[in-house]
Amino acid sequence: MSKSNFKKFDHIAIGLIIGLLLPVISMHFILKYYSNLDLLYLIENPMFSGILNDLKGCLFINLGVFFLFYWLKKDKSAKGVVFATILYGVVYLYYMFAL
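Residues numbered from 1 in each chain as written. Predicted model: local features only at pLDDT ≥ 70, side-chain atom pairs only at ≥ 80, totals over all residues. Heavy atoms only, no water.

Section: unusual backbone geometry
- Phi at Lys73 takes a positive value of approximately 65°, unusual for a residue other than glycine.
- Structurally, Lys73 is set in the loop between α5 (60-71) and α6 (75-97).
- Lys73 gets classed as exposed once you look at its relative accessible area, which sits at 65%. (Helix = DSSP H or I, 4+ residues; strand = E, 2+ residues; numbered from the N terminus. Buried < 20%, exposed > 50% of the residue type's maximum accessible area, 1.4 Å probe, protein only.)

What follows is the structure, given as structure tokens:
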């Protein structure tokens, strides 16, 4: 895990950060332009599942980022994107069954 890998965008942390931020940013823009809700309202009221189920599609952005890193031979960054997607899955399952 040297600095050269980090500079070449081949690091798990880069994939994790991108995989965590892009779905949130896309959810923000979808909520802003296609509904009158705010992202903070959705976080505070997670059982508003009518729109929450539609916003799961924002995780498909991670699929595109994963394939981009995979085709560019940035395997460690691709692993970070997969880990971020798994984290989103765990959080979603927590909201669905624990709350």
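Some words on a nonpolar patch on the surface
- Together, Ile17, Leu21, Ile25, Phe29, Ile30, Tyr33 and Tyr34 make up an exposed nonpolar region whose accessible area comes to about 770 Å².
- Note on placement: Tyr33 falls in helix α2 (residues 12-34).
- Looking at Tyr33, the relative accessible area reads 55%, which means it is exposed. (Patch = residues over 30% accessible without salt bridge, like charges linked within 9 Å, V, L, I, M, F, W, Y side chains within 5 Å. Areas by Shrake-Rupley, 256 points an atom, 1.4 Å probe, with all protein chains shown as cover. Salt bridge = Lys/Arg side-chain N within 4 Å of Asp/Glu carboxyl O.)

A closer look at the packing of α2 against α6
- Between α2 and α6, whose axes approach to 6 Å, the crossing angle comes to 45°. Here α2 is positioned oblique relative to α6, judged by the angle of their axes. The handedness of the crossing between α2 and α6 comes out as right-handed. Within the contact between the two elements, α2 uses Ile12, Ile14, Gly15, Leu16, Gly19, Leu20, Pro23 and Val24 and α6 uses Lys76, Ser77, Gly80, Val81, Phe83, Ala84, Leu87 and Tyr88. (Axes fitted to C-alpha atoms, helices over the stretch in contact; angles between N-to-C directions. Parallel < 35°, antiparallel > 145°, perpendicular 65-115°, else oblique. Left-handed = near helix turned anticlockwise from the far one by under 90°. Contact = heavy atoms within 4.5 Å.)

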